[in-house]
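Survey of secondary and tertiary structure
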Amino acid sequence: MAEYDYDLLVVGAGSGGVRASRIAAGHGARVAICEDSRVGGTCVIRGCIPKKLLVYGAHFRHDFEDSLAYGWQPRHPTLDWPTLIANKDTEIDRLNGIYIKLLRDAGVELVPGRGRLIDAHTVQVGERLLSAGTILIATGGAPYLPPIPGIEHAISSNEALDLATLPRRVVVVGGGYIAVEFANIFTGAGAQVIQIIRGEELLNGFDDDVRVELARQMRTQGVEIHTRRQVVRIERHRAGLNVVTDHGEAIEADAVLYATGRRPNTAGMGLEEAGVELGRNGAIQVDDFSQTTVANIYAVGDATDRLNLTPVAIREGHLFADSVFGGRRLAADRTNVATAVFSHPPIATVGLTEAQARRRHGPVDIYRTRFRPLKHTLTKREEFSLMKLVVDPASDRVLGCHMIGADAPEIIQGLAVALQCGATKAQFDATIGIHPTAAEEFVTLRTKLAEPAARAAE
Ligand code: NDP
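Residues numbered from 1 in each chain as written. Predicted model: local features only at pLDDT ≥ 70, side-chain atom pairs only at ≥ 80, totals over all residues. Heavy atoms only, no water.

**Focus on the pairing of strand β1 (residues 6-11)**
Rules: Each residue's exposure class comes from its accessible area (1.4 Å probe, protein chains only) as a fraction of the maximum for that residue type: buried when under 20%, exposed when over 50%, partly exposed otherwise. Where helices and strands are cited, they refer to DSSP runs of H or I of at least four residues and of E of at least two residues respectively, numbered from the N terminus. When DSSP finds at least two bridges between two strands, those strands are taken to pair. For the handedness criterion, the strands are oriented away from the viewer, and a crossover whose path from the first strand over the helix to the second runs clockwise is classed as right-handed.
The buried fraction of β1 is high, at five of six residues. Bridge analysis of β1 against strand β6 (residues 128-137) gives five bridges, and the strand direction is parallel. Paired with valine 11 across the strands is isoleucine 137, a residue of β6. Pairing geometry for β1 and strand β2 (residues 31-35), over four bridges, is parallel. Along β2, the bridge assignment pairs leucine 9 with alanine 32. Following the backbone out of β1, through helix α1 (residues 15-26) and into the adjacent parallel β2, one traces a crossover that is right-handed.

**Details of a nonpolar patch on the surface**
What counts is decided by this rule: Note on patches: the residues involved have over 30% relative accessible area and no salt bridge, like charges join within 9 Å, and the nonpolar side chains Val, Leu, Ile, Met, Phe, Trp and Tyr join within 5 Å. Surface exposure here means Shrake-Rupley accessible area, sampled with a 1.4 Å probe, where a residue is shielded only by the protein chains that are shown. For this document, the term salt bridge refers to a Lys or Arg side-chain nitrogen within 4 Å of an Asp or Glu carboxyl oxygen.
Taken together, Tyr56, Phe60 and Phe64 make up a surface patch of nonpolar side chains, about 320 Å² in accessible area. Here phenylalanine 60 shows up in helix α4 (residues 60-67). Phenylalanine 60 sits in the partly exposed class, given a relative accessible area of 44%.

**Here we look at the sheet that holds strand β9 (residues 192-196)**
Spelled out, the test is: Angles here are taken between N-to-C directions and fall from 0 to 180 degrees, while the axes themselves are lines fitted to C-alpha atoms, restricted in helices to the stretch in contact. Here a residue-residue contact requires only that any non-hydrogen atoms of the pair lie within 4.5 Å.
Strand order in the open sheet made by the four strands is β10-β9-β8-β14, with parallel pairing throughout. Two strands in the sheet have a free side with no partner beyond their single neighbour: β10 (224-226) and β14 (255-258). Between one strand axis and the next, the sheet turns by 20° as a mean value, whatever way the strands run. Bridge count for strand β8 (residues 169-173) against β9 is five bridges, and the pairing is parallel. What sits directly across from valine 173, in β9, is isoleucine 196. With respect to the sheet, helix α7 (residues 177-189) is in contact with β8, β9 and β14, its orientation differing from that of β9 by roughly 165°.

**Quick notes on the site of the ligand**
Applicable threshold: Whether a residue is near a molecule or strand depends on its heavy atoms: if one lies within 4 Å, it is near. Here a polar contact is recorded for every N or O atom pair within 3.5 Å, except that within protein the pair must consist of a potential hydrogen donor and a potential acceptor, and residues adjacent in sequence are included only if both atoms are side-chain atoms. Put simply, Ala, Val, Leu, Ile, Met, Phe, Trp, Tyr, Cys and Pro go in the nonpolar bin, Asp, Glu, Lys and Arg in the charged bin, and everything else, Gly too, in the polar bin.
Close to the ligand lie 19 residues, the nearest being Gly175, Ile178, Asn204, Asn308 and Ala340. Separating an oxygen atom of the ligand from a backbone N or O atom of alanine 259 is a distance of 3.4 Å. Between a nitrogen atom of the ligand and a main-chain N or O atom of alanine 340, the distance comes to 2.7 Å. Against a free-state accessible area of 910 Å², the protein chains account for coverage of 74% of the ligand. The dominant element in the shell around the ligand, judged by the number of residues it contributes, is α7, at three residues. In terms of residue class, the shell around the ligand is made up of seven nonpolar, eight polar and four charged.

Have a look at this one:
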């Protein structure tokens, strides 16, 4: 008789947990997965997918406007927000069903309820005590809202995806992925948006040229970006909310969205009691193979706060299952992970920013172009694409590719393959472009930018 109920018990049925359980079951393991919410996790239920559907929905406004220059006569189109939300919900329900079916088809038992570790081999889910040889924690993260007076009046991205009506005036606090994406969604949908950031530019960590270009284009679209500000309190009054900043402003709003980072979902799960070490903000400490400080307990995805992106969690979950149940021990490679921000226009990036490359490699060559895309030569829309390559002059290797502009995420995904293969600038140059596209600019960038000091003096 088996010593434990299962070979693997996964806590959390998001992207990482579902992938790990399916792959482990494919290797012959007896697997159960517990989940206290809907199967699919942040990405499918309250993140990437519903967010991107709202991005599509909000930006038809631009298409209707642009179509005029191409001879179309759209008659005063308006957005019915509740229809967008309802259709988005229908799609999320469908995906939730697909995820449940994927688990069932793989032979993984789904146990509804919140998992809590009793000891290194036992998890309590509701009334049940489940034992397993190996436990995987894949509980993801949750929005973090700083504890300022009136914060209970603010919403996070969770609620922003389900608003029954479109607020007329929205204050967005934060300058990261989520804040930028929702500022663009609400503006596209027709709301007035004020974004409050504590730094000078949006999207800390992205290439500076892209950050500056994004702010310029968002302002052109009507987003007011208030920099170097902190919100000190939020007050409710009869007509809405007042957002009070440390500059003494009182900004009126119908909704206040806080997108000030996310924290690992690890509190109250009995992890530390079982010997699992937690780090800053409750992040589960793991080695390169996602193993925690307890030998039979592993953790993947946002619960470990490494690189908090869905495809990374999926890779970590897959490699965990292959290592522990498939006899193939591999660590996740987190170099050249491409990422995108679904702003309008979108941003995508892979490899090092100019600043990171200068810190690591010293002098670097920079190639950059900024242009109005062909589509907007007729519409005259003040929308520009910016593309940039960062090259190591010693090896000629391309260290980073950055873009803001239509289709940037679709374009950069292909370039990520090139960077993974160690492509050089000479190889980019030897590639013949597809004409007329924006993407061809990446293989036709010939003129190096002057060094920063010379650029500053221009
Ligand atoms: P981010 O870490 O990207 O950004 C947090 C923002 O909030 C930053 O601008 C930060 O400022 C600011 N901030 C943090 N604390 C405070 C505070 N106390 N007061 C005021 N401002 C504050 O977090 P997000 O919530 O936007 O996203 C979380 C993660 O989710 C991302 O890191 C990403 O990994 C993932 N994600 C990925 C997406 C994608 O791939 N398209 C989309 C959405 C999320 P500062 O910069 O000064 O620190």
